[in-house]
Amino acid sequence: MVDLKLFDSLSRSVRVFEPLGNRPVGIYSCGPTVYARQHLGNMRPYVFADLLRRTLGSAGYAVRHVINITDVGHLTSDADEGADKVELAASRANTSALAITELYTSLFQTDLQRLSVLEPAVWAKASSHIPEQISMIERLEARGITYRTTDGVYFDTRLAPHYGELSGLRASAEHSRVNANQSGKRNPSDFALWKFSADEGPRRQLEWPSPWGVGFPGWHIECSAMASKYLGDQFEIHTGGIDHIAVHHSNEIAQAEHALGVRPWVKYWMHGAWLTMEGAKIAKSAGLAPNLDDLNAIGVSPAAFRYYFMTAHYRSPLDLSLEALRAAQTGFERMSHFVEQHVEDPPAEVSATARAEWRQQFYAALYDDLDAPRALAVLWCVLADASLATGARARLLAELGSVLGLEWRTNRTVHAGPEAMQLLAARERARADRDFAKADALRAELSNRGFAIEDGPEGPVLRRAR
Ligand SMILES: [Zn+2]
């Protein structure tokens, strides 16, 4: 069996994936700040996390995925200054903070569904976890690693010996000489755990009492508190965009390791590269920030957009161009059409070796740090493999495509749903490895979900059990 290897940003190396124990693999993905519609660039980290989740599924792991929703505490400057993004959007739209966050949370969730991102086990909302965040700050305070200013409670990064190991930037005296700001921070890398509501000016809509005074949590504490609540004090994989490395994730690690007394807190840190437009990061502030509806308007479907994401490795920047989008639409349509046309073709006595060979190549690519472009290239080889009957090719494309989250327009196998398809794929892998106990367990799991596996002459097909 090919080992699943993943690039870990903390050790800066590709490492063989090993779960922590006998329970679902935990994945925590940093979610959006829901003060505006998420643009196309914002979608990339979640499609990457979903590919990771499906890949783990194909390897037979159960996965518990948590995505958070930041609905309070993210200020216009990541350095804990400026206005709360949500409050600002609410006052500009002359509506409530709650109305803003509910609207943009639901639009975000719908966009992910359109991109075939599997529903996480937990959507964790920051404002629904204030007691958890306060309790984590209290633990940090008890360990003597916090201090209070007129503006809030801060984490003292110079007392955290491992601070900054993720980014390679350490808190240093060198830094603090250039430090001068209104918040009274001791070091530039220190960050807010709790911010006090201002005495003057309009009253905040989002504020809570705390042992330190009325206010709201700093942006970073929510992720440490909610991840440990839902995934335990240690878990396997934390994902995010590369822009999270220097500040947000460095701060999450510092908080969690000191509050929970564990190290490492997370076994693998994975970061996706940006989707860019003319070489620059897509940003709402820069004006043009297209979303999925804009793509529809130019004839690019969400499914084809997902296909487009698969044409680049998650750690490579991907530049958005009309030409590339159109090519993705054409490629997706062609493959989808082939599957649709041939998936019901009758089974034929064909070479099981050829199919096993394609599967092997597909997983060799995917398990090499999620090399989706190489896996996609294998699908094109399958489509062109004239030594296989058309039906066998179509069914193989349906099976392997589902691991990439490519949902072809219509066929009975895909109608089983992505989760069932992953279980089926995992069973095929187990059988290829002659791990029959695992294969049987996966068959039983499918049966629990109402599916029967029919092993035909050219491999397994899922049917709804009657
Ligand atoms: Zn986070």
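Residues numbered from 1 in each chain as written. Predicted model: local features only at pLDDT ≥ 70, side-chain atom pairs only at ≥ 80, totals over all residues. Heavy atoms only, no water.

Engineer: What should I look at first to understand the overall build of the protein chain in this one?
Structural biologist: What the protein chain contains, in helices and strands, is 15 helices and 18 strands. Computed over the C-alpha atoms, the radius of gyration of the protein chain is 24 Å, within 12% of the 23 Å expected from 2.2 N^0.38 for a compact globule of 466 residues. Along the first, second and third principal axes, the C-alpha set of the protein chain runs to 75 × 45 × 45 Å. A buried classification covers 56% of the 466 residues belonging to the protein chain. Counting only contacts in the protein chain whose residues sit at least 6 apart along the sequence, the fraction spanning at least 24 positions is 75%. (Helix = DSSP H or I, 4+ residues; strand = E, 2+ residues; numbered from the N terminus. Rg over C-alpha atoms; globule rule 2.2 N^0.38 Å. Buried < 20%, exposed > 50% of the residue type's maximum accessible area, 1.4 Å probe, protein only. Contact = heavy atoms within 4.5 Å.)

Engineer: Explain unusual backbone geometry here, please?
Structural biologist: The bulk of non-glycine residues show a negative phi, and the bulk of peptide bonds are trans. In this chain, R263 is followed by P264 through a cis amide linkage whose omega measures 0°. For P264, the position within the fold is in the loop between helix 7 (245–260) and strand 13 (266–272). Even without a glycine there, the phi angle at R12 is positive, about 55°. Within the fold, R12 resides in the loop between strand 1 (5–8) and strand 2 (13–16). Non-glycine residue S116 carries a positive phi angle of around 60°.

Engineer: In this structure, what is going on with helix 10 (residues 322–342)? I would like to understand it.
Structural biologist: In an α-helix, one full turn covers 3.6 residues, which means residues spaced three or four apart are oriented alike. Compared with the 30 Å implied by 1.5 Å per residue over 21 residues, the 30 Å span of helix 10 between its first and last C-alpha is a close match. For helix 10, the set of buried residues is L325, A328, Q329, G331, F332, M335, S336, F338, V339 and H342. The elements touched by buried residues of helix 10 are helix 8 (292–297), helix 9 (302–310), helix 12 (372–384) and helix 13 (390–403). (Expected span 1.5 Å × (residues − 1).)

Engineer: Would you take a moment to explain the coordination of the zinc ion for this structure?
Structural biologist: Around a metal, the perfect tetrahedron of four donors has angles of 109.5 degrees, and the perfect octahedron of six donors has angles of 90 or 180 degrees. Distances from the zinc ion to its protein donors, C30 (SG), C223 (SG), H248 (NE2) and E252 (OE), fall at 2.0 to 2.5 Å. Considering all 4 donor atoms around the zinc ion, angles at the metal cover 77 to 131° and the coordination shape is irregular. When the donor residues of the zinc ion are listed from N- to C-terminus, their spacing reads C-x192-C-x24-H-x3-E. Of this pair, C223 sits in helix 6 (residues 221–231) while H248 is found in helix 7, placing the two residues 25 residues apart along the sequence. The buried category is assigned to C223, whose relative accessible area is 1%. (Donors = N, O, S within 2.8 Å, 3.2 Å for Na, K, Ca; no water. Tetrahedral: all angles 85-135°; square planar, octahedral: opposite > 155°, others 65-115°.)

Engineer: In this structure, what is going on with the packing of aromatic side chains? I would like to understand it.
Structural biologist: How two aromatic rings sit relative to each other is set out by the distance from centre to centre and by the angle between their planes. Applying the stated criterion across every chain, the model contains 17 aromatic pairs. Seen in terms of ring centroids, F332 and W408 are 5.4 Å apart; in terms of plane orientation they differ by 25°. Their pairing is stacked. In this pair, F332 is assigned in helix 10 and W408 in the loop between helix 13 and helix 14 (418–432), connecting sequence segments 76 residues apart. For the ring pair F362 and Y363, a centre distance of 5.2 Å and an interplane angle of 90° mean the geometry is edge-to-face. Overall, the relative accessible area of 1% leaves Y363 in the buried class. Counting every residue linked through ring pairs, the aromatic cluster contains F17, Y61 and Y268. Positioned above the aromatic ring of F216 is the side chain of R204, whose terminal nitrogen or guanidinium carbon lies 3.5 Å from the ring centre. (Phe/Tyr/Trp six-rings, centres within 6.5 Å; stacked < 30°, edge-to-face > 60°. Lys NZ or Arg CZ within 6 Å of the ring centre and 35° of its normal.)

Engineer: Explanation requested: the nonpolar core in the structure shown.
Structural biologist: Proteins that are soluble and globular tend to have nonpolar side chains buried together. Ranked by internal contacts, the top residues of the largest apolar core, which has 123 residues, are W265, F305, F362, L379 and L404. With 8 residues, the single largest contributor to this core is helix 1 (residues 40–58). Residues in contact with F305, not counting those within four places in the same chain, are L40, L115, L275, L292, L295, V300, L320 and L325. Membership of the second largest hydrophobic core comes to 12 residues, among which are A420, A426, A430 and L462. (Core = buried A, V, L, I, M, F, W, Y, C linked by side-chain atoms within 4.5 Å.)

Engineer: For this particular structure, what's the right way to read the sheet that holds strand 11 (residues 215–217)?
Structural biologist: In a beta sheet, neighbouring strands pair by backbone hydrogen bonds and run either parallel or antiparallel. A sheet is described by the order of its strands in space; here 4 strands give the open sequence 8-9-10-11, paired in antiparallel fashion. One side of each edge strand has no neighbouring strand; the edge strands of this open sheet are strand 8 (146–148) and strand 11. Adjacent strand axes in the sheet meet at a mean angle of 20° when their direction is disregarded. Where strand 8 and strand 9 (residues 152–155) come together, 3 bridges link them in antiparallel fashion. Note on strand 9: the bridge partner recorded for T146 is F155. (Pairing = 2+ DSSP bridges. Axes fitted to C-alpha atoms, helices over the stretch in contact; angles between N-to-C directions.)

Engineer: Which parts of the structure should I look at to understand the sheet that holds strand 16 (residues 318–319)?
Structural biologist: Taken in spatial order, the 3 strands make up an open sheet running 15-14-16, and their pairing is mixed. With partners counted over all chains shown, the strands left at the sheet margins are strand 15 (280–281) and strand 16, one partner each. Where strand 14 (residues 275–277) and strand 16 come together, 2 bridges link them in parallel fashion. What sits directly across from L275, in strand 16, is L318.

Engineer: Please explain the pairing of strand 3 (residues 25–29) as it appears in this structure.
Structural biologist: Each regular strand shows side chains that alternate between the opposite faces of the sheet. Burial of strand 3 is extensive: 5 of the 5 residues sit out of reach of the surface. Every second residue of strand 3 is oriented toward a common face, with V25, I27 and S29 on one face and G26 and Y28 on the other, all of them buried. When strand 3 meets strand 4 (residues 63–69), the two strands line up parallel, connected through 5 bridges. Looking at strand 4, one finds that Y28 is bridged to V66. In this structure, strand 3 lies alongside strand 12 (residues 235–241), joined through 3 bridges in parallel fashion. When the bridges of strand 12 are listed, I27 appears paired with I237.

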